[in-house]
Amino acid sequence: MHNIVLFGPPGAGKGTQSEKLIQKYGLTHLSTGDLFRKHLGEGTELGNLAKKYMNEGRLVPDEVVIGMVEEKIESTKDAVGFIFDGFPRTTAQAEALDAMLEKHGMEISGMIALDVEEDILRERIKERGKTSGRVDDQDDEKINTRIKVYLDETLPVAGYYEKQGKFRKINGVGEIDFIFDSISKVIDSY
């Protein structure tokens, strides 16, 4: 069973690469963004709470995120593995994820980080905002906040997995298929 954390800042290409990895390896996609949108679309209490934070460009509190993630894992017991897209976003979430997976007899195989320069991230996010309809992808101030939050709060998660010997960095700039091949080589080495 491969449980992969696909990591990188907003706009790094995690969603695009996740789709290709799911198709190739049969992994179950676990995206906190998708979980949030599901809850937002259904108007759940968790969805409304998440919306408040997302609209401000801030991270949703750990207890809300972890509850959604564990619910997804428990409801997908037949999975051959998971690809975690956009989660964990903090070291506390990484620790909680490890504890949760251990409880289910699983562990993270590795973290693969997509490395992309900030200027390129801003361009990608704004371009995505033209087609996605996502409010937080269309506002410069919110984009800057999201990148700053990533650098200040999320980037330390890489160090957490690096200490476990589970961290690999991939150049996230270039042809989608080339980046995908680089990621696949890492996964195939597990």
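Refer to the structure printed above.
Residues numbered from 1 in each chain as written. Predicted model: local features only at pLDDT ≥ 70, side-chain atom pairs only at ≥ 80, totals over all residues. Heavy atoms only, no water.

**Comments concerning the side chain of Lys166**
What counts, and what does not: Labels follow the DSSP assignment, with helices taken as runs of H or I lasting at least four residues and strands as runs of E lasting at least two, numbered in each case from the N terminus. Burial classification: accessible surface area is computed with a 1.4 Å probe over protein chains only, and a residue below 20% of its type maximum counts as buried, one above 50% as exposed, and the rest as partly exposed. Note on contacts: a residue pair is in contact if any heavy atoms of the two residues lie within 4.5 Å.
Position of Lys166 relative to the elements: it lies in the loop between α8 (156-163) and β5 (167-171). The exposure class of Lys166 is buried, given its relative accessible area of 17%. Residues within four places of Lys166 in sequence aside, it is in contact with Glu107, Ile108, Ser109, Gly110, Met111, Tyr161 and Tyr190.

**Some remarks on the environment of Ile179**
Among the secondary structure elements, Ile179 is positioned in helix α9 (residues 176-188). Ile179 sits 58 residues away from Leu121 along the chain, and the two C-alpha atoms are 16 Å apart. If we skip the residues at most four places from it in the chain, Ile179 touches Gln17, Leu114, Ile170, Asn171, Gly172, Val173 and Gly174.

**Things to note about the packing of helix α4 (residues 62-74) against helix α5 (residues 91-103)**
Short version of the rule: Axis lines are fitted through C-alpha atoms, for helices just across the contact stretch, and the angle between N-to-C directions can take any value from 0 to 180 degrees. Oblique is the label for any angle not covered by the other classes, which are roughly parallel (under 35 degrees), roughly antiparallel (over 145) and roughly perpendicular (65 to 115). Each crossing gets its hand from how the near helix is turned against the far one by less than a right angle, where anticlockwise is left-handed and clockwise is right-handed. Under the scheme applied here, ten amino acids are nonpolar (Ala, Val, Leu, Ile, Met, Phe, Trp, Tyr, Cys and Pro), four are charged (Asp, Glu, Lys and Arg), and all others, including Gly, are polar.
Relative to each other, α4 and α5 sit at 25°, their axes nearing to 11 Å. With respect to α5, the element α4 is oriented roughly parallel. Where α4 crosses over α5, the handedness of that crossing is right-handed. Where α4 abuts α5, its residues Asp62, Val65, Ile66, Val69, Glu70 and Ile73 lie against Ala92, Gln93, Ala96, Met100, Leu101 and Lys103. Split into classes, the residues belonging to the contact of α4 with α5 amount to eight nonpolar, one polar and three charged.

**Focus: the nonpolar core**
The condition that has to hold: In this description, a nonpolar core means a group of buried Ala, Val, Leu, Ile, Met, Phe, Trp, Tyr and Cys residues linked to one another through side-chain atoms lying within 4.5 Å.
Among the nonpolar cores identified, the biggest contains 32 residues, and Phe7, Val60, Val69, Ile73, Phe84 and Tyr161 are the most heavily contacted of them. Those elements that provide at least two residues to this core are β1 (2-7), α2 (32-42), α3 (45-55), α4, β3 (81-85), α5, β4 (110-115) and α8. Per-element accounting of this core gives the leading share, six residues, to α4. If we skip the residues at most four places from it in the chain, Val69 touches Leu30, Thr32, Leu35, Phe84, Phe87 and Met100.

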